[in-house]
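Chain by chain, the residues run as shown.
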Amino acid sequence: MKLDQDKELKKLLSLVSSKLSTDRRYLEIIDYGELEINAFSITFWIDFKGDENISSVYLKIPKYIFYDKRINFTTPITASDRVLAKNEYDSLLYLSSNWDESEGVSFVKPITYIEEYNAILTERVFGSLLFKEYKKSDSLQKYKKENRDNVAKAMCNFGKSLRAFHSRSSSPSVFKANQVLSKINLYIEFLKEQGVNVSFFNTLSNVINHYKDFEHPSYDVDNLKGIDIRQIFLSDKGNLFVIDPGKITKGYREIDLARFIVTCRIIYWGTSKVLIRVNPDKSYENHFIHEYYDGNKPESTALSILIIKEFFKQWKVSHSALLERNWSFVIKYLTKKLYIDPYFKWQISNELKELKKRV
């Protein structure tokens, strides 16, 4: 299998070199990185020698992997893999000409798509992951004030940039809670099937019933399905680079806000801090919201309902990922009962308290 993988990798590198041969920045491949296999992609970087200096690109093969260790570089491409790649590449192309970069925030620049390998080539970005800087500034008291200020500024700038992007496609709409609550009910049914205690859902149903007919003026905008603080790089100069927008769809503007906020609140996911119920300081989240609304008051009821929906989605994803793990029944059971379920119940309960204040 290793020989097959090396053979295919050489073919891909040759194809990449051929595809970029007319660009004087990419005359000769001089180095490339190790393959990185993630839940939804296989990636590596490639360095080129050009006319004037060294240029770097990033190659990504979108793929449904989760924790299946049997999947590797030579695993056949599925129809679902191609949909992943098409959505991401189309979104990057659209954003390259429709995202305002005046605040120092940009998406990675797409270079080409190689259909044979379902591979997306983009310019390579350098910097630290924003969510790691967020965690450091939240948990380390001695973290430099300059670094904390950089994170705060980054969150402000992202809020401004997202507002500018949404404004390009904004049209008046009406937020209807029923549409969101129906999705929450679907997540609840899935979680019940996974053995989550129903008593929590019974308590939740009272709140859901209270808001089933809630409506409020909103705006429909172009949503970024992949919006996630874990997909953002912060450069040494303070610029932000977003690496995966996901599929662009139409929906309430609060959908993107809720998605991004929830990814900020779960930055300790996968660590022991989840066991002791640690949430990051909301000041950075508040910077983002303040700038997105340009200092105006947000429609917090709709946002809270969508935040709750996003936590349910993350809860479902966590269970789905656990199902793919090659762990014993006992380990999976303990992970659900001691780690996953208590954490998401706590997060949802916290947001429910905020929602009840407005009842």
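Participant: Describe the layout of surface pockets, with residues and values.
Facilitator: Of the voids in this model, the second largest pocket is the one considered here, and its volume is about 210 Å³. As for the second largest pocket, its lining consists of 14 residues, and the residues nearest its centre are Arg265, Glu285, Leu303, Ile307 and Glu351. Among the elements of the structure, helix 7 (253–265), helix 8 (283–292), helix 9 (300–324) and helix 10 (329–356) are those that each provide at least two residues to the lining of the second largest pocket. Of the residues forming the lining of the second largest pocket, the biggest block, 4 residues, is contributed by helix 9. Residue composition of the lining of the second largest pocket, grouped by class: 5 nonpolar, 3 polar and 6 charged.

Participant: Which residues make up empty space enclosed by the protein, and what values go with them?
Facilitator: Enumeration according to the criterion identifies 1 cavity of 30 Å³ or more in this entry. If you add up the space inside the largest cavity, you get close to 60 Å³. Lining the largest cavity, in full, are Leu181, Ile184, Leu204, Val207, Ile208, Tyr211, Ile305, Ile308, Leu352 and Leu355. For the lining of the largest cavity, the secondary-structure elements that each account for two or more residues are helix 5 (177–193), helix 6 (198–210), helix 9 and helix 10. Broken down by element, the residue count for the lining of the largest cavity peaks at 3 residues, all from helix 6. Residues that form the lining of the largest cavity fall into these classes: 10 nonpolar, no polar and no charged.

Participant: Tell me about the sheet that holds strand 8 (residues 128–129), residues and numbers included.
Facilitator: The strand order across the open sheet formed by 4 strands is 5-12-11-8, and the pairing between neighbours is mixed. Both edges of this open sheet fall to strand 5 (105–107) and strand 8, since each of them pairs with a single strand only. Sheet topology places strand 5 next to strand 12 (residues 240–242); 3 bridges connect them, and they run parallel. Among the inter-strand pairings, Phe107 is bridged to a residue of strand 12, identified as Val242.

Participant: I'd like a rundown of the packing of aromatic side chains, residues and numbers included.
Facilitator: Applying the stated criterion across every chain, the model contains 30 aromatic pairs. Arranged with centres 6.5 Å apart and planes meeting at 75°, the rings of Tyr94 and Phe165 form a pair that is edge-to-face. Note that Tyr94 is positioned in helix 2 (residues 79–98) and Phe165 in helix 4 (residues 145–169), a separation of 71 residues in sequence. For the ring pair Phe201 and Phe312, a centre distance of 6.4 Å and an interplane angle of 35° mean the geometry is tilted. Of this pair, Phe201 sits in helix 6 while Phe312 sits in helix 9, placing them 111 residues apart in sequence.

Rules used in this analysis
- Residues numbered from 1 in each chain as written.
- Predicted model: local features only at pLDDT ≥ 70, side-chain atom pairs only at ≥ 80, totals over all residues.
- Heavy atoms only, no water.
- 1 Å grid on protein atoms, 1.4 Å probe; cavity = no way out; pocket = protein on both sides within 12 Å on 5 of 7 lines; lining within 4 Å.
- Points joined across faces, edges and corners; volume = space filled by probe spheres on them.
- Helix = DSSP H or I, 4+ residues; strand = E, 2+ residues; numbered from the N terminus.
- Nonpolar A, V, L, I, M, F, W, Y, C, P; charged D, E, K, R; others polar.
- Pairing = 2+ DSSP bridges.
- Phe/Tyr/Trp six-rings, centres within 6.5 Å; stacked < 30°, edge-to-face > 60°.

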